[in-house]
Amino acid sequence: MTDTTAPAGATAEAFRVVPNPAPATREERADRIANPRFGLVFTDHMARMTWTADEGWGDPRIEPYGPIPLDPAASVLHYAQEIFEGLKAYRWADGSIRTFRPEENAKRLQRSAWRMALPELPVEDFMASIYSLVELDKDWVPTAEGASLYLRPFLIGTDVFLGLRAPKKVDYLLIASPSGPYFAGGVKPVSIWVEKDFFRAGPGGTGAAKCGGNYAASLRPQIAAGERGYDQVLYLDAATGSVLEELGGMNVFVVTRDGTVLTPVLNGNILEGITRSSVIELLDEDGHKTVERNITLKELREGIESGEIAEVFACGTAAVVTPVGRMGGEGFELTVGDGQPGPVTMAVRQRLTDIQYGRAEDTHGWMQRLV
Ligand code: PLP
Ligand code: COI
């Protein structure tokens, strides 16, 4: 593959390194990354910056990975002043390490910060933290099929004050987790419960921000869906309870019999997924008509029943592109197509992962070389 991207460190700001005095041994590391599950193992280091209202962002540093002391009055612990991102670093066959559209994550972190009255981290600092941490912990990037180094940047309010206000002290941290697929056990269709009683987001709310509170609020309906035998929850719009929005941690797509692909329009309630926009581009290039618009639950139910809707899939950084085999809700239970992964779903999954893992040319300039 031609290499058009800058090598590691080209843009890195000086993240001062405090090395881990007791890093994992080579054997320990090899053991932990051999067949990782999602989000359970962490590398030796983490990147960090601190912001204060008086001085702005400063003190970029890499520290040993480990617990962070927090004052019990820290604002994140009381008022959930937390936002995060998720992106992956992939090891290519040539040994290099690349990440996928990281500036999009940096910009989305800024949009989330704005909504939550947190300071915006400059894109260059976000990028420099990623370059610096991955360079230092490069040996943690797994090579197993479908595995990657999942990067989790996040901001927390560390103001020591119980008054409700935008924090005057904030920490940015970046941790890295050698991870396997979010859904273990290969690409198999997931089942989805369409939730009518709980809503994820409402007009003017925080649905488009990647804030921890959105995810906390999704856990009760997630448990209820699990008890009904479903893997994931699909939320409807809070205003009318009739229009599809997204899953707790993924965007949703619907494929019609003629190969047209529909996905809910960005209405301020759903997350502007980077996988979502990439999938739309790839499908367009492959000759599919893609349409971003409101999709009603009625249309979904009738379409699956009649066969007009042939495939449904969910997508996101962690979930990649995941087929949906079964959908249920109050008063209905439907198998999507024959319940097996559909051809459009699997083709776009292949297209995307071929680019991410360097098996196909990156004609979009999506991959950034880190190491
Ligand atoms: N929607 C929600 C609620 C998410 O948490 C995610 C995951 O990050 C997505 C959609 C997909 O976004 P992306 O493709 O940028 O990972
Ligand atoms: C991601 O896909 O990166 C997310 O943040 C979703 C999360 C539920 C793991």
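On a predicted model such as this, the values are computed, not experimentally measured, just so you know.

Visitor: Even after reading the chapter, I still don't get the overall build of the protein, so can you show me in this structure?
Guide: Secondary structure summary: the protein contains nine helices and 18 strands in total. Relative to a compact globule of 371 residues, whose C-alpha radius of gyration would be 21 Å, the protein shows 21 Å and is just as compact. In terms of overall dimensions, the protein has a C-alpha envelope of 60 × 55 × 35 Å along the principal axes. Residues classed as buried in the protein amount to 53% of the 371 residues present. Contacts in the protein between residues far apart in sequence, at least 24 positions, make up 72% of those at least 6 positions apart. Treating the 37 positive side-chain charges of the protein as one cloud and the 50 negative ones as another, the clouds have centres 2 Å apart.

Visitor: I keep staring at the environment of F15 and nothing clicks. Help me out?
Guide: Counting through the fold element by element, F15 comes out in the segment before β1 (16–17). Overall, the relative accessible area of 7% leaves F15 in the buried class. Separated by 45 residues in sequence, F15 and P60 have C-alpha atoms that sit 4.8 Å apart. Excluding anything up to four places from it in sequence, F15 contacts A47, R48, M49, P60, R61, I62, D125, A128, S129 and S132.

Visitor: Where do I start with the site of ligand 1 in this structure?
Guide: Among the 17 residues in the neighbourhood of ligand 1, the closest are listed as R108, Y215, E246, T275 and T317. Take E246: an N or O atom from its side chain is 2.5 Å from a nitrogen atom of ligand 1. One nitrogen or oxygen atom from the side chain of T275 is found 2.5 Å from an oxygen atom belonging to ligand 1. Protein burial of ligand 1: of its 380 Å² of free accessible surface, 96% is covered by the chains. Elements with a contribution of two residues or more to the shell around ligand 1: β11 (244–247), α7 (274–285) and β15 (309–316). Across the shell around ligand 1, the residue classes break down as six nonpolar, seven polar and four charged.

Visitor: Explain the domain arrangement of the protein to me, please; I cannot follow it from the model alone.
Guide: Interface size is commonly expressed as the accessible surface area that is lost when the partners come together. When its domains are assigned, the protein resolves into domain 1 (12–184 + 359–369) and domain 2 (190–340). Here the C-alpha centre of domain 2 lies 27 Å away from the C-alpha centre of domain 1. In this assembly, 22 residues from domain 1 lie in contact with 25 residues from domain 2. Summing the contributions of domain 1 and of domain 2, the shared interface buries around 1,900 Å²; its carbon and sulfur component is 62%. Together, F84, R108 and F183 form the three largest contributors to the area buried by domain 1 at its contact with domain 2, with a combined 31%. One can count one salt bridge joining domain 1 with domain 2. Among the ionic pairs, R111 bridges to E272, the shortest N-O distance being 3.8 Å. The interface formed by domain 1 and domain 2 holds 11 residue pairs in polar contact (both at pLDDT 80 or more) in total. Of all elements in the fold, only β4 (82–84), β5 (87–91) and α3 (102–115) reach the threshold of two or more residues within the side of domain 1 that touches domain 2. With six residues, α3 is the single largest residue contributor to the side of domain 1 that touches domain 2.

Visitor: What's the story with the packing of α7 against helix α9 (residues 343–356) in this structure? I'm lost.
Guide: Relative placement of two packed helices is described by the angle separating their axes and the distance separating the axes. Packing of α7 against α9 brings their axes to within 10 Å, and their N-to-C directions diverge by 110 degrees. In this view, α7 runs roughly perpendicular relative to α9, as classed from their interaxial angle. The residues of α9 that touch α7, namely those facing T275, S278, V279, L282, L283 and E285, are V344, V348, R351, L352 and I355.

Visitor: Honestly, the site of ligand 2 in this entry has me stumped. Any pointers?
Guide: Taken together, F84, G86, Y150, R152, Y182, K210, G249, T317 and A318 form the complete shell of residues around ligand 2. The side chain of K210 places a nitrogen or oxygen atom 2.7 Å from an oxygen atom of ligand 2. A318 places a polar main-chain atom, nitrogen or oxygen, 2.8 Å from an oxygen atom of ligand 2. Protein chains bury 88% of the 280 Å² of accessible surface belonging to ligand 2 in isolation. Across the shell around ligand 2, the residue classes tally to four nonpolar, three polar and two charged. Counting contributing residues, the shell around ligand 2 receives three or more from each of domain 1 (12–184 + 359–369) and domain 2 (190–340).

Visitor: Help me understand the nonpolar core in this model?
Guide: Across soluble globular proteins, nonpolar side chains show a tendency to be buried alongside one another. Counting 39 residues, the largest nonpolar core has F126, L151 and Y172 as the members making the most contacts within it. Broken down by secondary-structure element, the contributors of at least two residues to this core are β2 (45–52), β3 (56–64), β5, α3, α4 (123–136), β7 (148–157) and β8 (169–179). Among the elements that take part in this core, α4 stands out by supplying eight residues, more than any other. With residues near it in sequence (within four places) discarded, F126 still touches L87, P102, N105, A106, L109, L121, P153 and Y172. In this structure, V190, I192, I304 and I309 belong to the second largest nonpolar core, which totals 24 residues.

The rules behind the values
Residues numbered from 1 in each chain as written. Chains lettered and ligands numbered in written order. Predicted model: local features only at pLDDT ≥ 70, side-chain atom pairs only at ≥ 80, totals over all residues. Heavy atoms only, no water. Helix = DSSP H or I, 4+ residues; strand = E, 2+ residues; numbered from the N terminus. Rg over C-alpha atoms; globule rule 2.2 N^0.38 Å. Buried < 20%, exposed > 50% of the residue type's maximum accessible area, 1.4 Å probe, protein only. Contact = heavy atoms within 4.5 Å. Lys, Arg positive; Asp, Glu negative; His and termini not counted. Charge placed at Lys NZ, Arg CZ, Asp CG, Glu CD. Near = heavy atom within 4 Å. Polar contact = N/O pair within 3.5 Å; in protein donor to acceptor, adjacent residues only side chain to side chain. Areas by Shrake-Rupley, 256 points an atom, 1.4 Å probe, with all protein chains shown as cover. Nonpolar A, V, L, I, M, F, W, Y, C, P; charged D, E, K, R; others polar. Domains from an automatic or database assignment. Buried area = accessible area lost by both parts, 1.4 Å probe. Salt bridge = Lys/Arg side-chain N within 4 Å of Asp/Glu carboxyl O. Axes fitted to C-alpha atoms, helices over the stretch in contact; angles between N-to-C directions. Parallel < 35°, antiparallel > 145°, perpendicular 65-115°, else oblique. Core = buried A, V, L, I, M, F, W, Y, C linked by side-chain atoms within 4.5 Å.

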